[in-house]
Structures are given as C-alpha cells and as structure tokens.
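Architecture at a glance
Residues per chain, in single letters:
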Amino acid sequence: MGRKPTDGPASDPEVLILASLANGSKHGYAILQDIESFARNRLGPGTLYTAITRLVEKGWIEAEAVQHRQRPYRITGEGARHLETQLEKMRAIASVGLRRLRFS
Amino acid sequence: MKRSLIQILLFFYPATWRNEYGAELEGLLVAEPLRISVVLNVLWNALREQSRISVHRPALNRALTIMSGAVVTVFLLGMLASLPLWRQMTQPVAEALKQSGRAPMLVQNKPWEAFAVIWLGLPALVTLFLGYPLTIGLIRAKLASVSTPGAKRRGSALLVWSGALSLLSAFGAVITWRNGVALTLHGFEPLIRIGSPTTVSGCFGTFTRSILAFGITLQVPVLASFLFRARKTIV
C-alpha cells in the first residue's frame, strides 16, 4: 500500500533503502529487518521491491551476484550522493523546526 | 498452499518484472507470514508495476488516447444508427403485443424515457459490443511489445476468440430477437411469454439483458481457457 502520512517525513522507501545500504550490501530480507530496526518502519514486501526496481533503474543501487537464491544490492556512488543530499535536506528542516519549537 | 498463493500473487506482476525480481520477492514472501496486509501490499504494488513500466508508458498513453477516440467515434456512430435500430428492436415487440391482443405500442413511464433509450442507451450498447473487439485489438497490440513470443501467440488467440465471440453474440441476440425470442435466465423465451416489454425502458431492458446473456455465455469458453492456461503457468 501507499505511504501513510503518519509514518513521518523519513518514510520514503527509496531513502530508507539507500540508508540501509549505506553501510554495506544487503539482500531484500536483510534490508527489511534493518529498516525496521533503525526507522521502526516495516515496509511491505511489494513496496520494497517496487522501490528497489526504481533505485536500480535510476542507477542509485546495483545488484551483486546471487548468493543462495538471494541477490544482495549495494549503493552506487550516485546513490550515496543522492542519499546525502536528501539527509542534508531533512537535517535542515529538522533543525529549523526544532529551533522554532524551542524558541516559540 | 502458501507457495501456490505466492505464485498467484506473482502472476499479477508484468512478466518482465517477474523474470527480474520474482524469485527474490517469492523468497521474501516464503519467509514472512502471509498476512492480509502483505497480500494487499503485493497486489497494490503489482498494479503499480503494471501501470508503470516506463519503457512502455508512451505506447500505453497512445493506446489509451486511441481507445478514447474510438469509444467516442463508435458512440457517435451508434447515435446515427440508433433510430433504425430502435425500429428494428420494437418491431418484434409490437408483433408480440398484437398477438397477445394488446395495442402494438410501447408506452413511456417518464417523459424522457424514449430520449434516454434512443440517444444514450442504444449508442452505449453499440459502443459496448463494437468497442470490446476494438479494445481487444489494442490489448493485442500492447501484448506484442511486452510478451514472450509463446505468450503473445496464446494471448492473441484468446483475444481474437473473445472479440469474435462478442460480435457473434451480438449477431445471435439480434437474430433471435427479430424472431421474437429473447435469452433470459430461464433460457430462450418468446417475447409474447415474457410479457413485460410494454414500456420503452422495458423493451430496451429485455433486449439488453438478452444481448448481455448471449455475450456472457459465449465468453465462458474463453474465460475457462484463460483460467486453465493461467493455472498451468503458475503451478
């Protein structure tokens, strides 16, 4: 299903997958578990592979050789740059929002 | 059981996508409890993939534009043909009414009844039965660009049969109607025995039900063949 508004701004499946792959390659199930642990967000299997398809098409991640019927994915240089840009944007929004909350 | 259900779910994805990611998604679904939310998530994303495959999107947009144009054109042609069609449709009913000793004319319950039937209902019916084979033709053209040769051949054969049978069913319904017979839930019944089409909408409704009954009945073998092939593909 689509992303729920209550999931928050950091719930974009593409960003979550890129963040998960930022510290090394992982296969689908490992990505799901990793995202659940660091973002407390459980992606549906369909959502995961739709996002993976898009990320591969954009060249932000790439598949490695199949291991035991599972194919790990790794982030590319372009993907890492995109992730960094997105996270910087989020940090800028978060810092402005927090500052305004504290001084209002 | 779970494996079969997973195979059915994967069947909803485009073949090209399934070849690339199907085995991985299958592995993931086997490892997960198959809750209803997971099933809905997979179905929803299969639909998104079907509509999204970027390389085919221009072709799909073009097909949709052509299809909309064709539907409007056929509807307008249906409007042109609706008066003669209406005369043909009412003739057997008038005959049946005469035989049953009633006045051979249809009455209107509401002032706009005849207008709605002649200028909207009949063109819509013509559009449905002529538009269906047209749509089939477009789907066939789309199949040509996305399927493997074997699947394309089988899909094409089914679509051609389906389109031809829809035209045949319309033809069959018109012929039987002109002979004073309609296909109902109880089988073929003479119009005189149905008794109801004494109003404009009653006459149109009886004819529509008859032509749809013909259409659905003749599509049963195509549907059965499709389901049989689909089952063979996924088992």
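Reading guide: rules and limits
- Residues numbered from 1 in each chain as written.
- Chains lettered and ligands numbered in written order.
- Predicted model: local features only at pLDDT ≥ 70, side-chain atom pairs only at ≥ 80, totals over all residues.
- Contact = placed C-beta atoms within 7 Å.
- Helix = DSSP H or I, 4+ residues; strand = E, 2+ residues; numbered from the N terminus.
- Nonpolar A, V, L, I, M, F, W, Y, C, P; charged D, E, K, R; others polar.
- pLDDT = per-residue confidence, 0-100.
- Axes fitted to C-alpha atoms, helices over the stretch in contact; angles between N-to-C directions.
- Parallel < 35°, antiparallel > 145°, perpendicular 65-115°, else oblique.
- Core = buried A, V, L, I, M, F, W, Y, C linked by C-beta atoms within 7 Å.
- Buried ≥ 20, exposed ≤ 12 C-beta atoms within 10 Å, placed from the backbone.

A separate point is the interface of chain A and chain B. Contacts between the two partners involve 13 residues from chain A and, on the opposite side, 19 residues from chain B. Among the elements of the structure, α2 (28-39) and α3 (45-58) of chain A are those that each provide at least two residues to the side of chain A that touches chain B. The residue makeup of the side of chain A that touches chain B, split by class, is four nonpolar, seven polar and two charged.

As a further point, take the confidence of the model for chain B. All names here are of chain B. Put simply, chain B has an average pLDDT of 81, and 85% of its residues get 70 or more. The lowest-confidence element of chain B is helix α7 (residues 191-194), averaging 72 in pLDDT; the highest-confidence one is helix α2 (residues 15-31), averaging 89. Across the interface, the model reports ipTM at 0.84; the global pTM reads 0.51.

It is worth spelling out the packing of helix α1 (residues 13-21) of chain A against α2 of chain A at this point. Residue and element names in this part refer to chain A. Running from N to C, α1 and α2 point in directions that differ by 100°, and their axes come no closer than 9 Å. Considering the angle they form, α1 stands roughly perpendicular to α2. Contacts from Leu 16, Ile 17 and Ser 20 of α1 reach α2 at Ile 31, Asp 34, Ile 35 and Ala 39. Here the contact of α1 with α2 is composed, by residue class, of five nonpolar, one polar and one charged.

Residues and elements named next belong to chain A. Looking at chain A as a whole, its pLDDT mean stands at 88, while 90% of the residues score no less than 70. Mean pLDDT values over the elements of chain A span from 92, in α2, up to 96, in strand β2 (residues 73-75). Within the model, the stretch residues 1-6 combines pLDDT values under 50 with five contacts to residues more than four positions away or in other chains.

Turning next to the nonpolar core. Among the nonpolar cores identified, the biggest contains 28 residues, and Ile 17, Leu 18, Leu 21, Leu 48, Ile 52, Leu 55 and Ile 61 of chain A are the most heavily contacted of them. Counting residues per element, the ones that place at least two in this core are α1, α2, α3 and β2 of chain A together with α1 (2-11), α2 and α3 (36-52) of chain B. What Leu 21 of chain A contacts, discounting residues up to four positions off in sequence, is Lys 26, Ile 61, Tyr 73, Arg 74 and Ile 75 of chain A. Trp 86, Met 89, Phe 129 and Phe 204 of chain B belong to the second largest nonpolar core, which has 26 residues in total.

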